[in-house]
Amino acid sequence: MGSSVWPKQGLSKEQVFAKLEEHRKDDLAWRSGRLFAYVYDGGPEIEEVAKKAFTAFMSENGLDPTAFPSLLRFENEIIAMAREHLHGGDEVVGAFTSGGTESIILAVKAARDFARATRGITTPEMVIPITAHAAFHKAAHYLGVKAITTAIDPVTYRADVAAMREAITPNTVLLVGSASGYAHGVVDPIEDIAALAQERGLLCHVDGCIGGFLLPYFARLGAKVPLFDFRVPGVTSMSMDFHKYALCPKGASCVLYRSDDVRRAQFFTCASWTGYTMINTTIQSSKSGGPLAAAWAVMNHVGDEGYLKIAAGLLEAKNQIVAAIRETPGLEVMGDPEMCLIAFRSEEAPPFPLADAMKARGWHVQPQLAYGPSRENLHLTINPSNVKHTAAFIEALRSATQEVKGTRSAYAEAETFARAFAEKLTGPDAFAMLPTLVASLGVGEGGKMPEKMADVNALMNAVPRDIQERLLAYFVSSMFTPAKREP
Ligand SMILES: *Cc1c(COP(=O)(O)O)cnc(C)c1O
């Protein structure tokens with residue numbers, strides 16, 4: 001047991017907390033207001049409310065809704081708030097889930113099982129625009145539902161409804177639209193998608209994971225937001241995350257249904273074993289009451305007017321940043337985002353080196369690879385902590401753009417190399433080359449990334465998508481390896 005990772009004697013509380021703090025030294029500094037991804041930071045007061053409520057209900061178990069009526073009550077109140085927010089009537093029901101992905105998996109499962117029961121469909125398909133979140137592909141992968149992807153408008157990045165119509169077959173169980181999509185922050189033509197679903201007697205899910213909560217506030221503030229919620233006839237389900245723009249800690253989302261019949265197809269009950277009768281409304285069985293109580297607490301603390309005020313700041317920041325990008329020679333906003341999610345790109349200042357140049361200036365922006373008509377770009381998810389740094393961000397972006405324009409030729413070489421390498425990766429033994437490739441790009445053991453990511457991104461952008469997916473699986477495998485005992 002000499003090399004055991006288990007401490008023989010337990011550490012003191014002080015030692016444990018000191019180590020926890022020490023280990024986060026390389027984490028992204030999300031409280032800096034310079035991170036446009038991952039954390040939806042509502043500031044110290046919201047964080048305090050969330051933390052207290054989370055820890056207060058951390059140990060309560062949502063496994064059995066009769067054991068802790070507090071949790072049932074929180075959920076029913078939150079779902080009522082969500083339904084009202086999305087203009088659903090009394091018939092709308094839902095479930096609190098651990099995140100957008102779970103909400104989407106459940107909506108797809110409900111559609112699959114509802115179609116099996118009512119239409120006898122055994123080889124289900126769903127029609128999703130290529131801008132639909134990867135969670136739909138994950139749902140397809142887990143649930144044995146075939147995802148039929150359809151084109152988007154190459155200028156607006158919105159779903160092409162005519163293409164969706166053509167993709168419908170007798171096995172289609174669900175049509176999907178996003179309000180908004182993640183990549184470009186634009187809202188799909190939900191009224192047209194839902195009308196098509198109604199015409200064909202199909203279910204229609206609107207992914208409001210990121211936009212569902214915030215867009216109604218933007219609309220109230222006078223921004224142009226197309227209808228996307230339960231006011232649209234034909235919308236049969238929606239997903240909306242609380243752990244994004246409702247500023248709740250992670251583990252908080254919901255899925256809503258216009259009809260309880262469809263929601264019942266989501267549930268799982270089991271009495272066919274020797275233990276307790278299991279009734280699971282969602283994927284998890286034992287589940288902490290923490291995320292639910294924290295969401296309840298944050299939403300009740302911030303309140304409608306509080307969110308409206310936060311939304312006003314976000315909308316203003318988004319408008320300023322969009323305008324600044326459009327005014328910067330060479331930079332281009334992709335589409336016309338309704339959400340405070342912005343994808344932008346440039347021919348003269350390629351996005352991946354631009355991300356590195358921003359990082360060198362202390363700003364974290366998210367590279368997005370090319371897919372279909374969506375060229376490689378940089379993505380911003382503006383969160384409340386970014387708002388007061390808008391002017392500084394714009395200044396940094398302008399200077400970084402200038403710098404990258406000047407160093408373009410070096411990056412062009414990296415791109416050429418990436419393309420040449422990618423061509424070699426198409427054969428049957430492509431996979432065998434991956435380890436060498438990963439190492440040659442400066443990716444270290446345990447997935448340690450090089451300081452400058454442009455070359456890695458250029459390569460990822462150039463390789464065929466199926467190889468890229470295998471590469472990612474290989475890469476992630478190398479990261480998640482059991483820790484060795486520290487000397
Ligand atoms: C974030 C997001 C999801 C997935 O949500 P998770 O909470 O990360 O599981 C789904 N759809 C859209 C549009 C999103 O932005």
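Refer to the structure printed above.
Here is what the cut-offs are and how they apply
Residues numbered from 1 in each chain as written. Predicted model: local features only at pLDDT ≥ 70, side-chain atom pairs only at ≥ 80, totals over all residues. Heavy atoms only, no water. Pairing = 2+ DSSP bridges. Helix = DSSP H or I, 4+ residues; strand = E, 2+ residues; numbered from the N terminus. Axes fitted to C-alpha atoms, helices over the stretch in contact; angles between N-to-C directions. Contact = heavy atoms within 4.5 Å. Core = buried A, V, L, I, M, F, W, Y, C linked by side-chain atoms within 4.5 Å. Buried < 20%, exposed > 50% of the residue type's maximum accessible area, 1.4 Å probe, protein only. Near = heavy atom within 4 Å. Polar contact = N/O pair within 3.5 Å; in protein donor to acceptor, adjacent residues only side chain to side chain. Areas by Shrake-Rupley, 256 points an atom, 1.4 Å probe, with all protein chains shown as cover. Nonpolar A, V, L, I, M, F, W, Y, C, P; charged D, E, K, R; others polar. Salt bridge = Lys/Arg side-chain N within 4 Å of Asp/Glu carboxyl O.

Engineer: Before we go on, may I ask you to explain the sheet that holds strand β3 (residues 146-150) in this structure?
Structural biologist: Strands belonging to one sheet form pairs held by backbone hydrogen bonds; the direction of such a pair is parallel or antiparallel. Overall, mixed pairing links the seven strands, which are arranged β1-β7-β6-β5-β4-β2-β3 in an open sheet. A strand with exactly one partner marks an edge of an open sheet, and here the two such strands are β1 (93-97) and β3. Pairwise comparison of adjacent strand axes, ignoring direction, gives a mean angle of 20 degrees for this sheet. Where strand β4 (residues 172-178) and strand β5 (residues 203-207) come together, five bridges link them in parallel fashion. Bridging across to β5, V176 finds its partner in H205. Against the sheet, helix α3 (residues 69-85) makes contact with β1, β6 (237-241) and β7 (253-257), and its axis sits at roughly 120 degrees relative to β1, the strand it touches most. In this fold helix α4 (residues 100-119) packs onto β1, β2 (125-129), β4, β5, β6 and β7, with an angle of close to 25 degrees to the strand it touches most, β7.

Engineer: Could you clarify how one ought to interpret the sheet that holds strand β13 (residues 377-381) in this entry?
Structural biologist: The four strands are arranged β10-β11-β13-β12 in an open sheet whose pairing can be described as antiparallel. The sheet terminates laterally at β10 (331-333) and β12 (366-368), the two strands that pair on one side only. On average, each strand axis in the sheet is tilted by 35 degrees relative to the strand beside it, whichever way the strands run. Here four bridges tie strand β11 (residues 341-346) to β13, and the two strands are oriented antiparallel to one another. In the strand pairing of β13, F344 is matched with L378.

Engineer: Is there a simple way to explain the nonpolar core in this structure?
Structural biologist: For soluble globular proteins, the rule of thumb is that nonpolar side chains tend to be buried together. Formed by 89 residues in total, the largest nonpolar core has its most connected members in F228, F242, Y245 and F393. Residues contacting F228, with those up to four places away along its chain left out, are L86, A179, V187, I190, V206, G211, G212, L215, P216, V235 and M238. Within the second largest apolar cluster, 29 residues are counted, among which are I105, A107, I128 and V173.

Engineer: Please clarify how the site of the ligand should be interpreted in this entry.
Structural biologist: Close to the ligand lie 13 residues, the nearest being G100, T101, D207, H243 and K244. Within the backbone of G100, one N or O atom sits 2.9 Å away from an oxygen atom of the ligand. Within the contact set of the ligand, a nitrogen atom lies 2.6 Å away from a side-chain nitrogen or oxygen of D207. Relative to its unbound accessible surface of 380 Å², the ligand loses 85% to contact with the protein. Ranked by residue count, the leading element in the shell around the ligand is α4, at three residues. For the shell around the ligand, the residue count by class is four nonpolar, six polar and three charged.

Engineer: What is the right way to look at the side chain of T97 in this model?
Structural biologist: You can see T97 is positioned in strand β1. From its side chain, T97 meets the backbone oxygen of G99 in a polar contact 3.1 Å long. Ignoring any residue separated from it by four or fewer positions in sequence, one finds T97 in contact with E102, S103, L106, G251, A252, S253, C254, V255 and T282.

Engineer: Got a minute to help me understand the pattern of salt bridges in this structure?
Structural biologist: Where side chains of opposite charge bring their charged atoms close, a pairing between them can arise. Inspection of every chain in the model, using the stated rule, returns 26 salt bridges. We note a salt bridge from R264 to D261, for which the minimum N-O separation is 3.0 Å. Remark: D261 and R264 occur in helix α9 (residues 260-264); sequence separation between them is three residues, near one turn of the helix. You can call D261 partly exposed: its relative accessible area is 44%. E347 is the partner of R345 in a salt bridge, and the nearest nitrogen-oxygen pair spans 3.2 Å. Assessed through its relative accessible area of 6%, R345 is described here as buried. With relative accessibility at 45%, the residue E347 sits in the partly exposed group.

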